[in-house]
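Descriptive structure summary
Chain residues, written in single-letter form:
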Amino acid sequence: MTPKQDFEAALRAKIDGKTKPLGALGRIEALAAQVARVQQSLEPRMQACRLILFAADHGIAAEGVSAYPAEVTRQMVLNFLAGGAAANVFARQAGLPVSVVDCGVAGAPLEAPRLIARRIAPGTDNFRHGPAMTASQRDAALDMGRELARAGDFDALCLGEMGIGNTSAAALLTAKITGRPVAGFIGRGTGVDAAGLARKQAVLEAAAARTAPKLAPAEALVEYGGFEIAAMAGAMLGAAEARRMVLVDGFIAGAAALVALGLEPAIRANLVFAHRSAEQGHAALLAALEAEPLLDLGLRLGEGSGALLAWPLLRAAAAMLNEMASFESAAVSGPA
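The structure contained in this document is the topic of the report that follows. Bear in mind the structure is a predicted one, so any value in this text is a computation, not a measurement.

Cut-offs applied
- Residues numbered from 1 in each chain as written.
- Predicted model: local features only at pLDDT ≥ 70, side-chain atom pairs only at ≥ 80, totals over all residues.
- Heavy atoms only, no water.
- Helix = DSSP H or I, 4+ residues; strand = E, 2+ residues; numbered from the N terminus.
- Rg over C-alpha atoms; globule rule 2.2 N^0.38 Å.
- Areas by Shrake-Rupley, 256 points an atom, 1.4 Å probe, with all protein chains shown as cover.
- Lys, Arg positive; Asp, Glu negative; His and termini not counted.
- Charge placed at Lys NZ, Arg CZ, Asp CG, Glu CD.
- Core = buried A, V, L, I, M, F, W, Y, C linked by side-chain atoms within 4.5 Å.
- Buried < 20%, exposed > 50% of the residue type's maximum accessible area, 1.4 Å probe, protein only.
- Contact = heavy atoms within 4.5 Å.
- Arc of directions from axis to C-beta.
- 1 Å grid on protein atoms, 1.4 Å probe; cavity = no way out; pocket = protein on both sides within 12 Å on 5 of 7 lines; lining within 4 Å.
- Points joined across faces, edges and corners; volume = space filled by probe spheres on them.
- Nonpolar A, V, L, I, M, F, W, Y, C, P; charged D, E, K, R; others polar.
- Axes fitted to C-alpha atoms, helices over the stretch in contact; angles between N-to-C directions.
- Left-handed = near helix turned anticlockwise from the far one by under 90°.
- Salt bridge = Lys/Arg side-chain N within 4 Å of Asp/Glu carboxyl O.
- Polar contact = N/O pair within 3.5 Å; in protein donor to acceptor, adjacent residues only side chain to side chain.
- Disulfide = S-S within 2.5 Å.
- Pairing = 2+ DSSP bridges.

1. Digging into the overall build of the chain
When you go through the chain residue by residue, the secondary structure sums to 13 helices and six strands. Scaling as 2.2 N^0.38, a compact globule of 336 residues should have a C-alpha radius of gyration of about 20 Å, and the chain matches this with 21 Å. Across its three principal directions, the C-alpha atoms of the chain cover 70 × 45 × 35 Å. Of the accessible surface of the chain, which amounts to about 13500 Å², a share of 55% is contributed by carbon and sulfur atoms. Distance between charge centres in the chain, computed from 31 positive and 32 negative side chains, equals 1 Å.

Structure below.
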């Protein structure tokens, strides 16, 4: 057998030899195998995780596509830094550090202790009328995310985002990369009412009409992306290069994953889809990726909240592989 076949056989034997009926731990067994393959170890480490929160504004917010004004992006960045957001609470419960990155918040540059300032521009341009960013801005955001995800000593990465208008960006990115109509990816985002949803649909349909029905991921980022989405895509690439797992959050992070997978399909092995968002477009995105998330809790917050809630499952999967007794070690009789 080849070394790869030897490893797979040993991994299968180790999982199946645990004191349980075959397959009795379901998705946890699959997660354990995924972690082992990424680290190429039958005793993988899954102890340290961190959350990186990328924040940026979107020019499309000027079209009234969100229930909240654009200044909420800046206000929420300060909330993250003060430790008051849901992501902070969930991270504290899990004992995880949180890094907050300004990669394009509108207005004057933010100055605050512990803020990572990697500002590319004060928000993207309004993609209703033209490209959201330049190619050089896209590349800067990708490189910045890649760099941050490679730095430090940790085993897994949760990625979060904040940016008023970013469900609109995610809808257009997903539609253009998959070549499917944008209508199937448009939801209520932060909670727009019926009139707001109709306005959002009209704006995004008009924006979609500017370009060809299907675009390459790098081109789609220029036309419709956000700096925080590009940074998340870069972070996924960087984490995979460092043999780290990535817990993919909801719709916005899913759109970033779609971009990253388009740029480097091999990173699929490193991605764990944390949850199914209540945002309409996320179910369609997951279907397009043929991805089955771990959790379905009706979340639609972003911030990496769903990824943080899924982290204990990833850690438990590795612990099962490392610590659970085998039939032989526990002197338990196996199947008859």
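2. Considerations on the nonpolar core
Side chains that are nonpolar tend, in soluble globular proteins, to be buried together. Membership of the largest hydrophobic core comes to 69 residues, with the highest contact counts inside it found for Phe54, Phe127, Leu159, Met236 and Leu271. It is helix H9 (residues 227-241) that contributes the most residues to this core, 11 residues altogether. The residues touching methionine 236, leaving out its near neighbours within four places in the chain, are Leu159, Val246, Val248, Ala253, Ala256, Ala257, Ala260, Ile267 and Leu271.

3. Thoughts on helix H11 (residues 280-289)
Residues spaced three or four apart along an α-helix face the same direction, because each turn holds 3.6 residues. Among all positions of H11, only Gly281, His282, Leu285, Leu286 and Leu289 are buried. Taken end-on, H11 shows its buried residues confined to a sector of 135°, consistent with a single buried face. For H11, the secondary structure elements touched by its buried residues are helix H6 (166-178), helix H10 (251-263) and strand E6 (271-273). Of the residues trailing H11, glutamate 290 is marked for its positive phi of about 55°.

4. Brief notes about the layout of surface pockets
Looking at the largest pocket, its volume works out to about 490 Å³. Lining the largest pocket are 28 residues, and of these Gly189, Thr190, Arg300, Leu301 and Gly302 sit closest to its centre. At the level of elements, helix H3 (72-82), strand E4 (156-162), H6 and H10 are the ones that each hand at least two residues to the lining of the largest pocket. When its residues are assigned to classes, the lining of the largest pocket shows 10 nonpolar, 12 polar and six charged. Space inside the second largest pocket adds up to approximately 260 Å³. Every residue lining the second largest pocket is counted, 15 residues in all, and those nearest its centre are Ala30, Gln34, Arg268, Leu271 and Val272. Put simply, the parts of the chain that give the lining of the second largest pocket at least two residues each are helix H2 (26-39) and E6. A total of six residues in the lining of the second largest pocket trace back to one element, the largest contributor, which is H2.

5. Quick notes on the packing of helix H1 (residues 3-16) against H2
Relative to each other, H1 and H2 sit at 145°, their axes nearing to 11 Å. With respect to the hand of their crossing, H1 and H2 are arranged in right-handed fashion. For the pair formed by H1 and H2, the contact residues are Phe7, Glu8, Leu11, Arg12 and Ile15 on the first element and Glu29, Ala33, Ala36 and Arg37 on the second. A per-class count over the contact of H1 with H2 returns five nonpolar, no polar and four charged.

6. With respect to the environment of alanine 207
Along the chain, the position of alanine 207 falls in helix H7 (residues 194-208). Taking C-alpha positions, alanine 207 is 9.5 Å from isoleucine 60, a pair spaced 147 residues apart along the chain. Apart from the residues lying within four places of it in its own chain, the contact partners of alanine 207 are Phe127, Arg128, Leu172 and Tyr224.

7. Remarks on the pattern of salt bridges
Taken as a whole and assessed by the stated rule, the structure comprises 15 salt bridges. Two residues, arginine 118 and glutamate 147, come together in a salt bridge whose shortest N-O distance is 3.2 Å. Taken together, the positions of arginine 118 in the loop between strand E3 (115-117) and helix H5 (135-150) and glutamate 147 in helix H5 put the pair 29 residues apart, joining distant regions of the chain.

8. Concerning the side chain of histidine 282
When you line up the elements, histidine 282 lands in helix H11. A relative accessible area of 1% means that histidine 282 is categorised as buried. Polar side-chain contacts of histidine 282 include one of 3.4 Å to the backbone oxygen of glycine 250. If sequence neighbours within four positions are ignored, histidine 282 has contacts with Asp249, Gly250, Phe251, His275, Arg276 and Ser277.

9. Notes on the state of the cysteines
Here is the idea: a disulfide is a covalent bond, and it sits between the sulfur atoms of two cysteines. Enumeration over the complete set of coordinates arrives at zero disulfides. Between cysteine 103, a cysteine without a disulfide, and cysteine 158, which holds the nearest cysteine sulfur, the sulfur-to-sulfur distance is 17 Å. Free cysteine cysteine 158: the closest other cysteine sulfur is in cysteine 49, separated by 3.8 Å.

10. Considering the pairing of strand E1 (residues 49-56)
Counting buried residues along E1, eight of its eight residues qualify, which places the element largely inside the surrounding structure. Residues of E1 alternate between two faces, with Cys49, Leu51, Leu53 and Ala55 on one and Arg50, Ile52, Phe54 and Ala56 on the opposite face, all of them buried. Here E1 runs beside E4; their pairing, made up of seven bridges, is parallel. Each residue of the ladder has a partner; that of isoleucine 52, found in E4, is leucine 159. Relative to strand E2 (residues 98-104), E1 runs parallel, the two sharing six bridges. Bridge assignment links alanine 55 to a residue of E2, and that residue is aspartate 102.

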